[in-house]
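Fold and geometry: a report
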Amino acid sequence: MHFRQVAAGYSFLEGPRTQGDAVWFTDLLAGGVFRLNADGTTDAFLAEMHHVGGVCLNHDGRIVLGGSDAHYWLDPVTGESGIVLGSVNGAKHPGSNDM
């Protein structure tokens, strides 16, 4: 088996998910959600968001993310994002790692 490096410069990668020829992942410590494309380019989203440990690909093309204080959504086409779940029974969301 042979491995080759496809990306560098990250701290702590989490949540890898494939979508067609692309791979989605997060950098838990340095922050950000990333899409590694088949041509080797990388698209970055939500650079200020740290401790994202889970990535789920929704049927509508949006990405659902688990975080330290909520579940978030990301539309990679527009770059828009928001909170899916921020509290449970009136209490602050305890956070989640994997999805």
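Keep in mind that this is a model prediction, so the values were computed, not measured.

Thresholds, definitions, all that
- Residues numbered from 1 in each chain as written.
- Predicted model: local features only at pLDDT ≥ 70, side-chain atom pairs only at ≥ 80, totals over all residues.
- Heavy atoms only, no water.
- Phe/Tyr/Trp six-rings, centres within 6.5 Å; stacked < 30°, edge-to-face > 60°.
- Helix = DSSP H or I, 4+ residues; strand = E, 2+ residues; numbered from the N terminus.
- Buried < 20%, exposed > 50% of the residue type's maximum accessible area, 1.4 Å probe, protein only.
- Lys NZ or Arg CZ within 6 Å of the ring centre and 35° of its normal.
- pLDDT = per-residue confidence, 0-100.
- Contact = heavy atoms within 4.5 Å.

Counted by the stated rule, this structure contains 4 aromatic pairs. A centroid spacing of 5.1 Å and a plane angle of 90° characterise the contact between Tyr10 and Phe25, whose relative ring orientation is edge-to-face. Taken together, the residues Tyr10 in the segment before strand E1 (13-19) and Phe25 in strand E2 (residues 22-27) connect sequence positions 15 residues apart. Under the relative-accessibility criterion, Tyr10 is labelled partly exposed at 25%. Taken together, the ring pairs in this structure connect Tyr10, Phe25 and Phe34 into an aromatic cluster. Over the ring of Trp73 we find Arg62, and its NZ or CZ is 5.0 Å from the ring centre.

The next subject is the confidence of the model for the protein chain. Of the residues in the protein chain, 99% have a pLDDT of 70 or more, and the chain-wide mean is 92. Least confident of the elements in the protein chain is strand E9 (residues 87-88), whose mean pLDDT is 88; most confident is strand E4 (residues 42-45), at 97.

To continue, consider the environment of Val52. Following the sequence through the fold, Val52 ends up in the loop between E4 and strand E5 (54-57). On the basis of relative accessibility, which here comes to 1%, the residue Val52 falls in the buried class. The spatial distance from the C-alpha of Val52 to the C-alpha of Ala91 is 20 Å, given a sequence separation of 39 residues. With residues near it in sequence (within four places) discarded, Val52 still touches Glu14, Thr26, Leu28, Leu65, Gly66 and Gly67.

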